[in-house]
Amino acid sequence: MELTLGLVAGPGTSRANKTGTWRVERPLFLNIKCVACDLCIMLCPEGIIDSNNERYFADLNYCKGCGICAHECPVKDIMMVKEEK
Ligand code: SF4
Ligand code: SF4
């Protein structure tokens, strides 16, 4: 079998490959009951959740919609919603 070239071999290129188009659901950060525990930031496998002084949010360019953040949020302040394409 012939392999086609197209793999990403260069280090440090993950930011160049927007992987968010794969998902079928995305997290909705309600920012209502949040207790600022930072669990979502620590547990997101993509490392793309951040916060500012007012709210928590994910970089949807890279979110794969795994739902871990919503599952682990202790106050259920993150909802997974259907992705609109
Ligand atoms: S759904 Fe998964 S990849 Fe997306 S922000 Fe939550 S934990 Fe991270
Ligand atoms: S896990 Fe939930 S409560 Fe904790 S910082 Fe994230 S959104 Fe807020």
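Residues numbered from 1 in each chain as written. Chains lettered and ligands numbered in written order. Predicted model: local features only at pLDDT ≥ 70, side-chain atom pairs only at ≥ 80, totals over all residues. Heavy atoms only, no water.

## A look at the site of ligand 2
- In the vicinity of ligand 2, the residues found are Cys34, Val35, Ala36, Cys37, Asp38, Leu39, Cys40, Tyr56, Cys73, Pro74, Val75 and Ile78.
- Under a 2 Å grid-point criterion requiring more than half of the atoms, the pocket assigned to ligand 2 is the largest cavity.
- Residues belonging to the shell around ligand 2 are distributed by class as follows: 11 nonpolar, no polar and 1 charged. (Near = heavy atom within 4 Å. 1 Å grid on protein atoms, 1.4 Å probe; cavity = no way out; pocket = protein on both sides within 12 Å on 5 of 7 lines; lining within 4 Å. Sits in = over half its atoms within 2 Å of the grid points. Nonpolar A, V, L, I, M, F, W, Y, C, P; charged D, E, K, R; others polar.)

## What about the site of ligand 1?
- Around ligand 1, 13 residues are found, and the nearest of them are Cys44, Cys63, Cys66, Gly67 and Cys69.
- Applying the majority rule of atoms within 2 Å of the grid points places ligand 1 in the second largest cavity.

## Some details on the environment of glutamate 83
- For glutamate 83, the position within the fold is in the segment after strand 4 (78-82).
- Exposure remark for glutamate 83: the relative accessible area of 13% places this residue in the buried category.
- Put simply, glutamate 83 and glutamate 25 are 58 residues apart on the chain and 4.6 Å apart in space, counted from C-alpha to C-alpha.
- The contact partners of glutamate 83, leaving out residues within four places of it in the chain, are Arg23, Val24, Glu25 and Arg26.
- Looking at glutamate 83, its side chain comes within polar contact range of the side chain of arginine 23, at 2.6 Å. (Helix = DSSP H or I, 4+ residues; strand = E, 2+ residues; numbered from the N terminus. Buried < 20%, exposed > 50% of the residue type's maximum accessible area, 1.4 Å probe, protein only. Contact = heavy atoms within 4.5 Å. Polar contact = N/O pair within 3.5 Å; in protein donor to acceptor, adjacent residues only side chain to side chain.)

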